[in-house]
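# Structural features, examined
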Number of protein chains: 2
Amino acid sequence: MKEIQSNKNPFIKEIKKLQQKKYRQQTNSYILEGFHLVQEAFNAGVEIQEVFVNPRGQKEWAAWLAERFPEYYLVSDEILKMLADQPTPQGMAAVVSMTEDTIEQFTGAWLLLDQVQDPGNVGTMIRTADAAGFSGVVLGEGTVDLYNPKTLRSMQGSHFHLAVVSRKLPELISELQSQKFTVFGTALDKNAKNYQTVDVQADFALVMGNEGQGMRPDLLAMTDANLYIPIKGQAESLNVAVAAGILMFKLIK
Amino acid sequence: MKEIQSNKNPFIKEIKKLQQKKYRQQTNSYILEGFHLVQEAFNAGVEIQEVFVNPRGQKEWAAWLAERFPEYYLVSDEILKMLADQPTPQGMAAVVSMTEDTIEQFTGAWLLLDQVQDPGNVGTMIRTADAAGFSGVVLGEGTVDLYNPKTLRSMQGSHFHLAVVSRKLPELISELQSQKFTVFGTALDKNAKNYQTVDVQADFALVMGNEGQGMRPDLLAMTDANLYIPIKGQAESLNVAVAAGILMFKLIK
C-alpha cells in the first residue's frame, strides 16, 4: 500500500487525464468507479493496473485488497472525487485496460447503434441488451465512446458480460444479411411495421438511431424491415433507450 | 421588449434562484428551457410570466414573440446560459407558473412512482407514460421534484399532455382498489408474476420503485399482483425507466 494525500501529486494528475477520451485512447486505459464495477472487472479477468481507495474504502474492503491488490493506493476523499469524477464516489476507483472483443461469427441477437450521442443512453442500452440476453452490441461510426464515465455508470458492468465491438454499420449490415440474419431498423414513420406484429426471432440485429435524427436514411434502406412503436398519447417520440428496451424484450426468443 | 446585458442584474439574479427547489416552491414558478417547451406551455394554456431570448432566438422567433410576448427580455448568451442551466441553451427560456392537476375520478392507466430519485428517470417515465397513452402519473412521497431542470429536460413537455399529481401512495392504492382498479407492483423477486403472463388491462395502476431499493415492502404487500421482467443475461437489473417502458407498453389496452 502507498499513500497519496496531495491532489497535486503528478501521478494523480496523470491518472485524472484518463477522463479525457484522447488520453484513454493513447493508453488503452480507463477509470472504473466503485467497488462493484472493479470487482466485476476482476472477475471478468480484465487487467487492473491500479486501485485507489479512500480511508472508508480501505476499511470496508481490507481483506479483498490484501488478497488481490496489496499494492493499492490509499488516497484522500478529495483525490478520489477527482479521479472518479463524482461528487460522492463509492470509496474505490481503478485504472483498467481496455479489452477488445473479437467476433469470428455473429450469432444470436445483436443491437447496432447508429450515431447515438448520449453516453447515458448508450450505457443503458448495453445494460438492457445484457438483461435481455443479447449476444452483443455494435457501436457504429459516430456513436459515443464506450469508456465515457457516464456510459460506464449507466452500463453497470454489462460490457464485461456481453461482446461490445466497433464496426462500420453499412458493411456490417451487408455481412449479417449475407448470413442468415434478419436486420430490423427503427423508424418513427408510420409506414414502418408495427413492432407488435413481428414474430420472435433467432438470429437478428436491431438498429437504433440518433436521439434527434433517428437512423441514417441509407441504413434504413438496407434493412429487411423497419419497425415502429405506435405512440398513443401526445408525446412525439420515446427516449431511445426506452424504445430499445421495448423492442429488445419483444424480439428476442 | 427590454434588454438586459449584465448578469449581475438583480432581476436576473432573482430568476436564477428558481433553479433551487425552495424558491420554486415559494413562488410556484419554474424555468422552462427551449422554444419547443415554451410553445408547448403556451399551447397548454399555462401562465407564462416572463420570456427571455438571446439575439439568435430573437431573430428566429421574432413573429411568434411579437404576437404573443411583446414584453419579452433580450438577454446576452451568457445570461441565457445562466438561466437555462445549460451550456448550450436553445435560444429561449421562460418563467412559467406551476399548475396543479386535480383528479376527481381516476380512470384508465396510471403510473405510480415510489421514491424514484433520479430526475432523468422520472422525466423519462412521464414521457413514456404519455407515449403509451396513460391517463396520468402519480408522484408518491419521496419522489424527486417534477420541476427539477433535469426532469423537465427528459420529460419533453409531457406534463402538459397528461395529469401529474402528488399523493401518498398507501392511501391512493387503497382508494384505487376500492374502485375497479387492479394495482400492479414491480419486484425483482422471481416469486413475482412474469409480466408476459398478464392480460392487457383497462383500469389499472403500475407502481415503479426506487432505483436501488425498489418498492417499499409495505406497498408490495398491498398490491393485487407484483410483476417481474425475466432477466436472461448477467445484468442484475434493468434501469427503472426502461423497465417501466416495457411494462407500460405491455399492460395498456
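Since the structure is predicted, the reported quantities are computational estimates derived from the model, not experimental observations. (Residues numbered from 1 in each chain as written. Chains lettered and ligands numbered in written order. Predicted model: local features only at pLDDT ≥ 70, side-chain atom pairs only at ≥ 80, totals over all residues. Heavy atoms only, no water.)

Right, let's talk about the overall build of chain A for a bit. Along chain A, the regular secondary structure elements total 11 helices and 12 strands. By principal-axis analysis of the C-alpha atoms, chain A measures approximately 60 × 40 × 30 Å. For chain A, with 253 residues in total, the buried portion stands at 57%. Summarising the internal contacts of chain A: among those between residues at least 6 apart in sequence, 78% fall at separations of at least 24. (Helix = DSSP H or I, 4+ residues; strand = E, 2+ residues; numbered from the N terminus. Buried < 20%, exposed > 50% of the residue type's maximum accessible area, 1.4 Å probe, protein only. Contact = heavy atoms within 4.5 Å.)

As a general feature of sheets, a regular strand has side chains that alternate between the two faces. All names here are of chain A. By the criterion of burial, strand β11 (residues 204–208) is predominantly enclosed, with 5 of the 5 residues buried. Burial along β11 is two-sided: the face carrying F204, L206 and M208 and the face carrying A205 and V207 are both buried. Bridging between strand β6 (residues 109–113) and β11 involves 5 bridges; their strand directions are parallel. By the bridge assignment for β11, A109 is matched with F204. (Pairing = 2+ DSSP bridges.)

Residue and element names in this part refer to chain A. Partitioning chain A into domains gives domain 1 (2–97) and domain 2 (109–251). One C-alpha centre belongs to domain 1, the other to domain 2, and the line joining them spans 32 Å. Around 1,000 Å² of area is buried between domain 1 and domain 2 when both sides are counted, 60% of it from carbon and sulfur atoms. Ranking the residues of domain 1 by area buried against domain 2 places R24, Y30 and E40 at the top, with a combined share of 43%. At the junction of domain 1 and domain 2, the tally comes to 1 salt bridge. The partner of R24 in a salt bridge is D145, and the shortest N-O contact between them spans 2.4 Å. For the side of domain 1 that touches domain 2, the elements supplying multiple residues, two or more each, are α2 (21–27), β2 (29–33) and α3 (35–43). Looking at side-chain class alone, the side of domain 1 that touches domain 2 contains 8 nonpolar, 1 polar and 4 charged residues. (Domains from an automatic or database assignment. Buried area = accessible area lost by both parts, 1.4 Å probe. Salt bridge = Lys/Arg side-chain N within 4 Å of Asp/Glu carboxyl O. Nonpolar A, V, L, I, M, F, W, Y, C, P; charged D, E, K, R; others polar.)

Once that is clear, we can look at helix α11 (residues 240–251) of chain A. All names here are of chain A. Taking 1.5 Å as the rise per residue, α11 with 12 residues should run 16 Å; its terminal C-alpha atoms sit 16 Å apart, in good agreement. Counting buried residues along α11, 11 of its 12 residues qualify, which places the element largely inside the surrounding structure. If you check which residues of α11 are buried, you get V240, A241, V242, A243, A244, G245, I246, L247, M248, F249 and L251. Residue N239 occupies the N-cap position of α11, its side-chain oxygen lying 2.7 Å from the main-chain nitrogen of A241. (Expected span 1.5 Å × (residues − 1). Polar contact = N/O pair within 3.5 Å; in protein donor to acceptor, adjacent residues only side chain to side chain.)

The next thing to look at is the sheet that holds strand β4 (residues 73–75) of chain B. All names here are of chain B. In spatial order, the strands read β1-β4-β3-β5-β2; together these 5 strands make up an open sheet with mixed pairing. Edge strands, defined here as strands with exactly one partner in the open sheet, are β1 (2–4) and β2 (29–33). Pairs of neighbouring strands in the sheet enclose a mean axial angle of 25°, with direction left out of account. Across 5 bridges, the pairing between β2 and strand β5 (residues 92–97) is antiparallel. Paired with S29 across the strands is S97, a residue of β5. Set on the sheet, helix α6 (residues 77–84) makes contact with β1, β2, β3 (48–53), β4 and β5; between it and β4 the angle comes to about 105°. (Axes fitted to C-alpha atoms, helices over the stretch in contact; angles between N-to-C directions.)

We now examine the relation of the copies chain A and chain B. The transform that puts chain A on chain B rotates by 180° and translates by 0.0 Å along the axis, for an RMSD of 0.0 Å. Each copy turns onto its partner about a two-fold axis. (Least-squares fit on C-alpha atoms with pLDDT ≥ 70 in both.)

Those residues carrying the UniProt feature "domain: RNA 2-O ribose methyltransferase substrate binding" (unreviewed entry) are residues 31–102 of chain A in this numbering. Annotated as residues 31–102 of chain A, this span is 42% helix and 25% strand, and its ends, taken at the C-alpha atoms, are 22 Å apart. (UniProt positions renumbered as here; feature names shortened; annotations may be inferred.)

A separate point is the packing of aromatic side chains. Each aromatic ring pair is specified by the distance between its two centres and by the angle formed by the two planes. Residue and element names in this part refer to chain A. Across all of its chains, the model carries 24 aromatic pairs over all chains by this definition. Ring plane angle 75° and centroid distance 5.8 Å describe the contact between F42 and F69, whose orientation is recorded as edge-to-face. On the criterion of sequence distance, the pair formed by F42 in helix α3 and F69 in the loop between α5 (62–68) and β4 (73–75) is long-range, its members being 27 residues apart. Within the aromatic cluster, the residues linked to one another by ring pairs are F35, F42, W61, W64 and F69. (Phe/Tyr/Trp six-rings, centres within 6.5 Å; stacked < 30°, edge-to-face > 60°.)

Residue and element names in this part refer to chain A. On the secondary structure map, S97 appears in strand β5 (residues 92–97). The class for S97 is buried, based on a relative accessible area of 10%. A distance of 2.7 Å separates a polar atom in the side chain of S97 from a polar atom in the side chain of E47. Polar side-chain contacts of S97 include one of 2.8 Å to the side chain of Q49. In this view, S97 contacts N28, S29, Y30, V46, E47 and Q49; residues no more than four positions away in its chain are not counted.

The subject of this paragraph is the nonpolar core. Among the nonpolar cores identified, the biggest contains 124 residues, and L111(A), M208(A), L111(B) and M208(B) are the most heavily contacted of them. Leaving out residues up to four positions away in the same chain, M208(B) has contacts with L111(B), L112(B), L113(B), D114(B), V116(B), M125(B), T186(B), M215(B), V240(B), A243(B), A244(B) and L247(B). (Core = buried A, V, L, I, M, F, W, Y, C linked by side-chain atoms within 4.5 Å.)

All right, on to the side chain of T151(B) then. Residues and elements named next belong to chain B. Topologically, T151 is positioned in helix α8 (residues 149–155). One polar contact links the side chain of T151 to the main-chain carbonyl oxygen of P119, over a distance of 3.5 Å. Not counting residues within four places of it along the chain, the set of residues in contact with T151 comprises P119, V122, G123, V144, D145 and L146.

Before going further, it helps to examine helix α7 (residues 119–132) of chain A. Residue and element names in this part refer to chain A. When the terminal C-alpha atoms of α7 are compared, their 20 Å separation across 14 residues agrees well with the 20 Å that a helix rising 1.5 Å per residue should span. Burial of α7 is extensive: 14 of the 14 residues sit out of reach of the surface. Measuring from the backbone nitrogen of G120 back to the side-chain oxygen at the start of α7 gives 3.0 Å, which picks out D118 as the cap. Positive phi appears at G133, one or two residues downstream of α7, with a value of about 85°.

Residue and element names in this part refer to chain A. In space, the 5 strands of this open sheet follow the order β1-β4-β3-β5-β2, with mixed pairing throughout. Edge positions in the sheet fall to β1 (2–4) and β2, since each of these pairs with one other strand and no more. Along the sheet, successive strands turn relative to each other by an average axial angle of 25°, direction set aside. Here helix α6 (residues 77–84) sits on the sheet in contact with β1, β2, β3 (48–53), β4 and β5, set at roughly 105° to β4.

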